[in-house]
Amino acid sequence: MIAELEQPEEDADFRVWPRNWIIVRAFLTIASQWRTIVLPSGAVHYQGLDYASVRVGLDMAEIGLTPGQWAGLRLMERAAAAAMNGIRG
């Protein structure tokens, strides 16, 4: 799946600016590294990514991010957490 991101298809259902592909690739690489808590109701609340695990995942995938790309990844993190927590913006 990640390899497919190296060469985005022109007829994809969505568009990602070329400068943002590294951020999308990084996010998908570490997308399972969430810190969660279980609420008394039994629902899972996504707090955010576990940054220690994110660093290991990115290092193992040999993905390096600039400070600006890291900010983009954190923006995706906030949007994903909000969506998974049922928050509509």
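Our subject in this report is the structure included herewith.

Let us look at the pattern of salt bridges. The final tally for this structure, using the stated rule, is two salt bridges. R35 serves as the salt-bridge partner of D50, at 3.7 Å between the closest nitrogen and oxygen. Within this pair, whereas D50 is found in the loop between strand 2 (44–49) and helix 3 (51–60), its partner R35 is found in strand 1 (residues 34–38), the two being separated by 15 residues in sequence. Residue class for D50 comes out buried when judged on its relative accessible area of 18%. Between R55 and D59 there is a salt bridge whose closest N-O contact spans 4.0 Å. Here R55 and its partner D59 are both found in helix 3, four residues apart, which amounts to about one turn of the helix. The class of D59 is partly exposed, set by a relative accessible area of 48%.

Residues in a regular strand project their side chains so that they alternate between the two faces of the sheet. The pairing of strand 1 with strand 2 spans five bridges and is classified as antiparallel. When the bridges of strand 2 are listed, V38 appears paired with V44. Between strand 1 and strand 2, which pair antiparallel in sequence order, lie five residues; one of them, G42, sits at a positive phi of approximately 100 degrees.

Turning next to the nonpolar core. With 12 residues, the main nonpolar core is built from I23, A26, F27, I30, W34, L49, V54, L58, I63, L73, A80 and A81. At the level of elements, helix 2 (21–29), helix 3 and helix 4 (67–84) are the ones that each hand at least two residues to this core. When near neighbours in sequence (up to four residues on either side) are disregarded, A80 contacts F27 and W34.

Glancing now at the side chain of E77. Turning to its location among the elements, E77 is positioned in helix 4. Despite its burial, E77 pairs with no opposite charge; the closest candidate is R74, at 4.0 Å N-O. A distance of 2.7 Å separates a polar atom in the side chain of E77 from a polar atom in the side chain of Y51. If we ignore the near neighbours within four places in the chain, the residues touching E77 are F27, W34, G48, L49 and Y51.

Procedures and definitions
Residues numbered from 1 in each chain as written. Predicted model: local features only at pLDDT ≥ 70, side-chain atom pairs only at ≥ 80, totals over all residues. Heavy atoms only, no water. Salt bridge = Lys/Arg side-chain N within 4 Å of Asp/Glu carboxyl O. Helix = DSSP H or I, 4+ residues; strand = E, 2+ residues; numbered from the N terminus. Buried < 20%, exposed > 50% of the residue type's maximum accessible area, 1.4 Å probe, protein only. Pairing = 2+ DSSP bridges. Core = buried A, V, L, I, M, F, W, Y, C linked by side-chain atoms within 4.5 Å. Contact = heavy atoms within 4.5 Å. Lys, Arg positive; Asp, Glu negative; His and termini not counted. Polar contact = N/O pair within 3.5 Å; in protein donor to acceptor, adjacent residues only side chain to side chain.

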